[in-house]
Amino acid sequence: MSPYFSYKNGLLYAEEVNLVDVATQAHTPCYVYSRHALIHNWQAFAEAFKTVPHRICYAVKANANLAILNLLAAQGAGFDIVSSGELERVLAAGGRADKIIFSGVAKQSAEILRAIEVGVGCFNVESVSELERIHTLAAREQKRVNIAIRINPNIDARTHPYIATGLSNNKFGIDRYDVVALYKKIQATMPYCQLTGIACHIGSQLTELGPFVETIECMLAVIAELKRAGITLKQIDMGGGLGVRYRDETPPAIAEYGRLLCEKLKESGLEIIIEPGRSLVADTGILLTRVEYLKQTRAKNFAIVDAGMNDLLRPALYEAWHPILPVVQHSDRPGVLYDVVGPVCESADFLGKNRLLALAEGDLIAIAGVGAYGACMSSNYNARPRAAEIMVDREKMYVIRERETVQDLFAWEKVLLC
Ligand SMILES: *Cc1c(COP(=O)(O)O)cnc(C)c1O
């Protein structure tokens, strides 16, 4: 958890705002972010890469709220997007099109056309078919587009299998041994594709530098082969993936990660692009929720709270562990082991298991480390309106997403007229 969330006199604060006040004003469940935590993380990346030509392109999918995108755009961030929905979000938040990298395995024609129209900075291409489609559409529009090929280096990111993306059995990227021929083909036959770079992204929540080192070596080998073939590039995109500490992981610090990339890549003379998502935003947000019921069964103690897997999917999807903290500390009460569970009708609907907490019904708790892949993965399962999102800036709080209403949920549905 970022130091911008801390206890003062036994009460948990986001910056200068205590979370009891947030719950009173915004109700629960709600996501609460710290503006300064976000700026702090951004600056750590900017500092880590300042000695080399670089671009930091925030991976929008980690948290696509306009306020977050807007704050990062104001810092000079670029953006890594995976859909035209994310493209429109970035533009609406004041992000610059020419600083956008368009990634993703399934870019549709309409999405490609829109990206060409607004002039995105680069397409990171993931298949030969996609490349041909982009070239055809660019030719039709008479516009030259920047292209990087995302290589699949077949490297194990040593992370949860659902978020490993750099192995040859994953759907991502183009086999490392096929790319040189492909670059030659592009250069010879695709005049509307300007080859600017090479890209990769081997997975998320990497907690060691080893897989990054292996990937860099693979990328440099490909770049050397390309050079021998007379193809010189401008940019090397190392993707995102730097892990964060949720429990007892010991991921490299941003500075250490930056040092490694700068050292290994500065010789190449290429501009370094990175696409951090999780490591920029994970620790900048908590999910604030209230205990509805305490339920003791023969087997377990359950703390049933008003946030569920529809609000925060990571525990259900990846068995992810997030810190769970009382908003008001009660040192006088004995701690009990609880499974903290939500209202959704699934046994996967848990937020944490076997947590030692001193709880009473009505208490507020905070689930930490949810600034990334939290709100953006939420759903309306069980007809639950999505939670409000709040941004705290010193002693002020701002609603950056209103809580949905129940009417919102079925506003687009129609009954048969018979
Ligand atoms: C998801 C993704 C990222 C961001 O990954 P993090 O682990 O959140 O840093 C970056 N680039 C691409 C292409 C991605 O798909």
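Residues numbered from 1 in each chain as written. Predicted model: local features only at pLDDT ≥ 70, side-chain atom pairs only at ≥ 80, totals over all residues. Heavy atoms only, no water.

**Description of the pairing of strand β6 (residues 78-81)**
Phase 1: Residues Gly-78 and Asp-80 of β6 are buried on one face, and the alternating residues Phe-79 and Ile-81, pointing to the opposite face, are buried as well.
Phase 2: The sheet contact formed by strand β5 (residues 54-59) and β6 spans 3 bridges and is parallel. What sits directly across from Ala-59, in β6, is Asp-80.
Phase 3: Each parallel crossover has a hand, and the one from β5 via helix α3 (residues 66-74) to β6 is right-handed.
Phase 4: Relative to strand β7 (residues 100-102), β6 runs parallel, the two sharing 3 bridges. The residue bridging Asp-80 from the neighbouring strand is Ile-101, located in β7.
Phase 5: In this region the chain leaves β6, passes through helix α4 (residues 84-92) and returns to the parallel neighbour β7; the handedness of that crossover is right-handed. (Buried < 20%, exposed > 50% of the residue type's maximum accessible area, 1.4 Å probe, protein only. Helix = DSSP H or I, 4+ residues; strand = E, 2+ residues; numbered from the N terminus. Pairing = 2+ DSSP bridges. Right-handed = clockwise from strand over helix to strand, strands pointing away.)

**So, the side chain of Asp-339**
Phase 1: Within the secondary structure, Asp-339 is located in strand β17 (residues 336-341).
Phase 2: For Asp-339, a relative accessible area of 4% translates into the label buried.
Phase 3: Polar contacts involving the side chain of Asp-339 include one to the side chain of Lys-300, which spans 3.1 Å.
Phase 4: The residues contacting Asp-339, other than those within four sequence positions of it, are Lys-300, Asn-301, Phe-302, Ala-303, Gly-352, Lys-353 and Asn-354. (Polar contact = N/O pair within 3.5 Å; in protein donor to acceptor, adjacent residues only side chain to side chain. Contact = heavy atoms within 4.5 Å.)

**Considering the pattern of salt bridges**
Phase 1: Within the structure shown, the criterion is met by 20 salt bridges.
Phase 2: Glu-88 serves as the salt-bridge partner of Arg-114, at 2.5 Å between the closest nitrogen and oxygen. Here the residue Arg-114 occupies a position in helix α5 (residues 109-118), and Glu-88 occupies one in helix α4, the gap between them amounting to 26 residues.
Phase 3: Residue Glu-88 is classed as partly exposed on the basis of its relative accessible area, which comes to 32%.
Phase 4: The residue Arg-158 makes a salt bridge to Glu-214 at a minimum N-O spacing of 3.7 Å. Of the two residues, Arg-158 sits in the loop between β9 (145-152) and β10 (174-175) while Glu-214 sits in helix α8 (residues 210-228), which places them 56 residues apart along the sequence.
Phase 5: The exposure class of Arg-158 is partly exposed, given its relative accessible area of 40%.
Phase 6: On the basis of relative accessible area, Glu-214 is assigned to the partly exposed category, the value being 36%. (Salt bridge = Lys/Arg side-chain N within 4 Å of Asp/Glu carboxyl O.)

**Re the domain arrangement of the chain**
Phase 1: What the domain assignment lists for the chain is domain 1 (5-33 + 282-409) and domain 2 (35-279).
Phase 2: The C-alpha-based centres of domain 1 and domain 2 are spaced at 33 Å.
Phase 3: On the domain 2 side, the residues contacting the 23 residues of domain 1 number 20 residues.
Phase 4: Interface of domain 1 and domain 2: buried area, both sides summed, is about 2,000 Å²; carbon and sulfur atoms make up 56% of it.
Phase 5: If you sort the residues of domain 1 by the area they bury against domain 2, Tyr-318, Trp-321 and Tyr-373 come out on top, with a joint share of 30%.
Phase 6: Across the domain 1-domain 2 interface, the total number found is 1 salt bridge.
Phase 7: For Asp-393, the salt bridge identified is with Arg-35, shortest N-O distance 3.8 Å.
Phase 8: Our enumeration of links across domain 1 and domain 2 arrives at 10 residue pairs in polar contact (both at pLDDT 80 or more).
Phase 9: Going through the elements one at a time, α11 (314-318), β20 (388-393) and β21 (396-401) are the ones with two or more residues in the side of domain 1 that touches domain 2.
Phase 10: At 4 residues, the largest contribution of residues to the side of domain 1 that touches domain 2 is made by β20.
Phase 11: Here the residues of the side of domain 1 that touches domain 2 sort into 12 nonpolar, 4 polar and 7 charged. (Domains from an automatic or database assignment. Buried area = accessible area lost by both parts, 1.4 Å probe. Nonpolar A, V, L, I, M, F, W, Y, C, P; charged D, E, K, R; others polar.)

**Structural notes on the side chain of His-201**
Phase 1: Note that His-201 resides in the loop between β11 (193-199) and α8.
Phase 2: Here Gly-240 takes part through its backbone nitrogen, which lies 3.0 Å from a polar atom of the side chain of His-201.
Phase 3: If near-sequence neighbours (up to four positions away) are discounted, His-201 is found in contact with Arg-150, Thr-165, Gly-166, Gly-239, Gly-240 and Gly-241.

**Looking at the packing of helix α6 (residues 128-141) against helix α7 (residues 179-189)**
Phase 1: Running from amino to carboxyl end, α6 crosses α7 at an angle of 15 degrees, the nearest separation of the two axes being 12 Å. Taken together, α6 and α7 sit at an angle that is classed as roughly parallel. The two elements α6 and α7 cross, and the hand of that crossing is right-handed. Counting all contacts with α6, which are made through Val-128, Leu-131, Glu-132 and His-135, the residues of α7 involved are Leu-182, Lys-185, Ile-186 and Thr-189. (Axes fitted to C-alpha atoms, helices over the stretch in contact; angles between N-to-C directions. Parallel < 35°, antiparallel > 145°, perpendicular 65-115°, else oblique. Left-handed = near helix turned anticlockwise from the far one by under 90°.)

**Comments concerning the nonpolar core**
Phase 1: Counting residues in hydrophobic clusters, the biggest one holds 103 residues, and the most contacted among them are Phe-49, Tyr-58, Phe-79, Phe-123, Ile-147 and Leu-261.
Phase 2: Sort the elements by how many residues they give to this core and α8 lands first, with 7 residues.
Phase 3: Both of domain 1 (5-33 + 282-409) and domain 2 (35-279) provide at least three residues apiece to this core.
Phase 4: Ignoring any residue separated from it by four or fewer positions in sequence, one finds Tyr-58 in contact with Asn-63, Ile-68, Leu-69, Leu-72, Gly-78, Phe-79, Asp-80, Pro-276, Gly-277, Leu-280 and Val-281.
Phase 5: Core analysis: the next-biggest nonpolar cluster, separate from the first, contains 22 residues, Ala-14, Leu-364, Ala-366 and Ala-388 among them. (Core = buried A, V, L, I, M, F, W, Y, C linked by side-chain atoms within 4.5 Å.)

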